Amino acid sequence: MSITVIGSANADLVIEVDRRPSGGETLLGSDLVITPGGKGANQAVAAGLIGGDVAFVGCVGADGNGALLRESLEASGVDTSPVDDVDVPTGCALITITPDGENSIVVSPGANRRVTPEYLDEHADAWTHADLVVLQHEIPLESVRHVAARCRDEGVRFLLNAAPAADVPDDVLAVCDPLVVNEYEAALVAGVTEGSAEPLELARQLLGRGARSVVVTLGSQGSLAVDASGEVTTQEAERVTAVDTTGAGDAFVGAMAVALASGKGFGDALALGTRVAARAVQKRGAQASYPTLADVEAAR
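Residues numbered from 1 in each chain as written. Predicted model: local features only at pLDDT ≥ 70, side-chain atom pairs only at ≥ 80, totals over all residues. Heavy atoms only, no water.

Student: Would you take a moment to explain the overall build of the protein chain for this structure?
Tutor: On a plain count of helices and strands, the protein chain comes out with ten helices and 14 strands. On C-alpha atoms alone, the protein chain measures out to a radius of gyration of 18 Å, which is about the 19 Å that the 2.2 N^0.38 rule sets for 300 residues. Principal axes of the C-alpha set define a box for the protein chain whose edges measure 50 × 45 × 40 Å. Going through the 300 residues of the protein chain one by one, you find that 54% of them count as buried. Of the roughly 12,600 Å² of accessible surface on the protein chain, a fraction of 49% belongs to carbon and sulfur atoms. Separation between the mean location of the 20 positive side-chain charges and that of the 42 negative ones in the protein chain comes to 3 Å. (Helix = DSSP H or I, 4+ residues; strand = E, 2+ residues; numbered from the N terminus. Rg over C-alpha atoms; globule rule 2.2 N^0.38 Å. Buried < 20%, exposed > 50% of the residue type's maximum accessible area, 1.4 Å probe, protein only. Areas by Shrake-Rupley, 256 points an atom, 1.4 Å probe, with all protein chains shown as cover. Lys, Arg positive; Asp, Glu negative; His and termini not counted. Charge placed at Lys NZ, Arg CZ, Asp CG, Glu CD.)

Student: Got a minute to help me understand the packing of helix α6 (residues 183–190) against helix α7 (residues 199–209) in this structure?
Tutor: When two helices pack together, their arrangement is given by the angle between their axes and by how far apart the axes lie. As a packed pair, α6 and α7 sit with axes 9 Å apart at the nearest point and diverge in direction by 40°. Here α6 is positioned oblique relative to α7, judged by the angle of their axes. When the axes of α6 and α7 are compared, the crossing they make is left-handed. Counted together, Glu-183, Ala-186, Ala-187, Val-189 and Ala-190 of α6 and Pro-199, Leu-202, Gln-205, Leu-206 and Arg-209 of α7 form the full contact between these two elements. Across the contact of α6 with α7, the residue classes tally to seven nonpolar, one polar and two charged. (Axes fitted to C-alpha atoms, helices over the stretch in contact; angles between N-to-C directions. Parallel < 35°, antiparallel > 145°, perpendicular 65-115°, else oblique. Left-handed = near helix turned anticlockwise from the far one by under 90°. Contact = heavy atoms within 4.5 Å. Nonpolar A, V, L, I, M, F, W, Y, C, P; charged D, E, K, R; others polar.)

Student: What am I meant to see in the nonpolar core here?
Tutor: One broad trend across soluble globular proteins is that nonpolar side chains are buried collectively. By size, the foremost hydrophobic cluster in this structure holds 44 residues, and its most contacted members are Ile-6, Val-133, Leu-135, Val-147, Phe-158, Leu-160 and Leu-179. Leave out the neighbours within four places in its chain, and Leu-179 touches Leu-160, Ala-162, Val-168, Leu-173, Val-189, Leu-206, Ser-213, Val-214 and Val-215. Listed in part, the 42 residues of the second largest apolar core include Ala-44, Ala-46, Val-134 and Ala-261. (Core = buried A, V, L, I, M, F, W, Y, C linked by side-chain atoms within 4.5 Å.)

Student: What exactly am I supposed to notice about the layout of surface pockets here?
Tutor: To find the voids left in a structure, one rolls a probe of water-molecule size over its atoms. Computed from the structure, the largest pocket encloses a volume of approximately 1,300 Å³. Around the largest pocket, the lining is made up of 45 residues, and of these Thr-245, Gly-247, Ala-248, Gly-249 and Asp-250 lie nearest the centre. Of all the secondary structure elements, the ones that give two or more residues to the lining of the largest pocket are β2 (10–16), α1 (39–49), β7 (91–97), β8 (103–108), β11 (176–182), α6, α8 (248–261) and α9 (266–280). Per element, the largest residue contribution to the lining of the largest pocket is five residues, and it comes from α8. Among the residues making up the lining of the largest pocket, the classes are represented as 19 nonpolar, 16 polar and ten charged. (1 Å grid on protein atoms, 1.4 Å probe; cavity = no way out; pocket = protein on both sides within 12 Å on 5 of 7 lines; lining within 4 Å. Points joined across faces, edges and corners; volume = space filled by probe spheres on them.)

Student: What is the right way to look at the pairing of strand β10 (residues 157–161) in this model?
Tutor: The side chains of a regular strand alternate between the sheet's two faces. The element β10 is largely enclosed, with a buried count of four among its five residues. Taken together, the five bridges between strand β9 (residues 132–136) and β10 define a ladder with parallel strand orientation. Bridging across to β10, Val-133 finds its partner in Phe-158. Taken together, β9, helix α4 (residues 141–154) and β10 form a β-α-β motif whose crossover is right-handed. Bridging between β10 and β11 involves three bridges; their strand directions are parallel. Paired with Leu-160 across the two strands is Leu-179, which belongs to β11. (Pairing = 2+ DSSP bridges. Right-handed = clockwise from strand over helix to strand, strands pointing away.)

Student: What is the right way to read the pattern of salt bridges from this model?
Tutor: Where charged atoms from two side chains of opposite charge approach closely, those side chains can pair. Enumeration over the complete set of coordinates arrives at 13 salt bridges. Arg-279 serves as the salt-bridge partner of Glu-238, at 3.1 Å between the closest nitrogen and oxygen. Linking Glu-238 in the loop between β14 (232–235) and α8 with Arg-279 in helix α9, this pair joins segments that are 41 residues apart in sequence. Classification of Glu-238 as partly exposed rests on a relative accessible area of 31%. Since its relative accessible area comes to 16%, Arg-279 is described here as buried. Each member of the salt-bridge network shares a partner with another, and the members are Asp-121, Arg-150 and Glu-154. (Salt bridge = Lys/Arg side-chain N within 4 Å of Asp/Glu carboxyl O.)

Listed below in structure tokens is the structure:
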């Protein structure tokens, strides 16, 4: 069952720091490490490594960072034939990591801004025939809306990971099966104050707004899903020591996509996503930390 991930590809510029700096403060950190990242590329790599039939649709610059991303995708078994080299630099993410494994990230979109409706139409064969299309919010909103509309018309299942946090238009929300959000993103899309509603209530509110199904990730508390019938599925997180949480949510989404594209339900999808994310947070980096299916099976 085929998956097409449409989204961002970034070079992650990572520095470890003892603590987050205050405004106007300069801190010394570790040596700079450059690794492949970007929410879209991360999700594609995570899905490819555990055996998904995956294509990636996105743009990179004709530079060293673009070559780094292509190499990582292809080494993970991802089809990169739809990826275009464009005349602006590859997107970059500036990441600081504290000793507890938490990160702060600032993204410079770069080539990701070229993932336009026109570009997507040029590569329509790569996604309009997929069993599942996966998107995020690191490409232009007009492109997200364009893909959602085509998926609706073509009968293609559409998964939107609404991150970074931003509102989701009603026409897009109506196609999401599922909408994947954390608690903050769920509250934003539902139009309520963070903390004013429990995660399950947020998920039900998002169904009320039109989503076909909703997955809410809860960090160390696990995750939950609610389908169109109102059936609730919950999944506990695995108890592991986190070294670096960068890209853990993308690992979860990529793995979950493989299960859903294979026709499995949310119980299997959340369980697989949780196992893959748990392996990922125990290593440094985003894509570099993602496990193979053999790694996941060996850890059970």
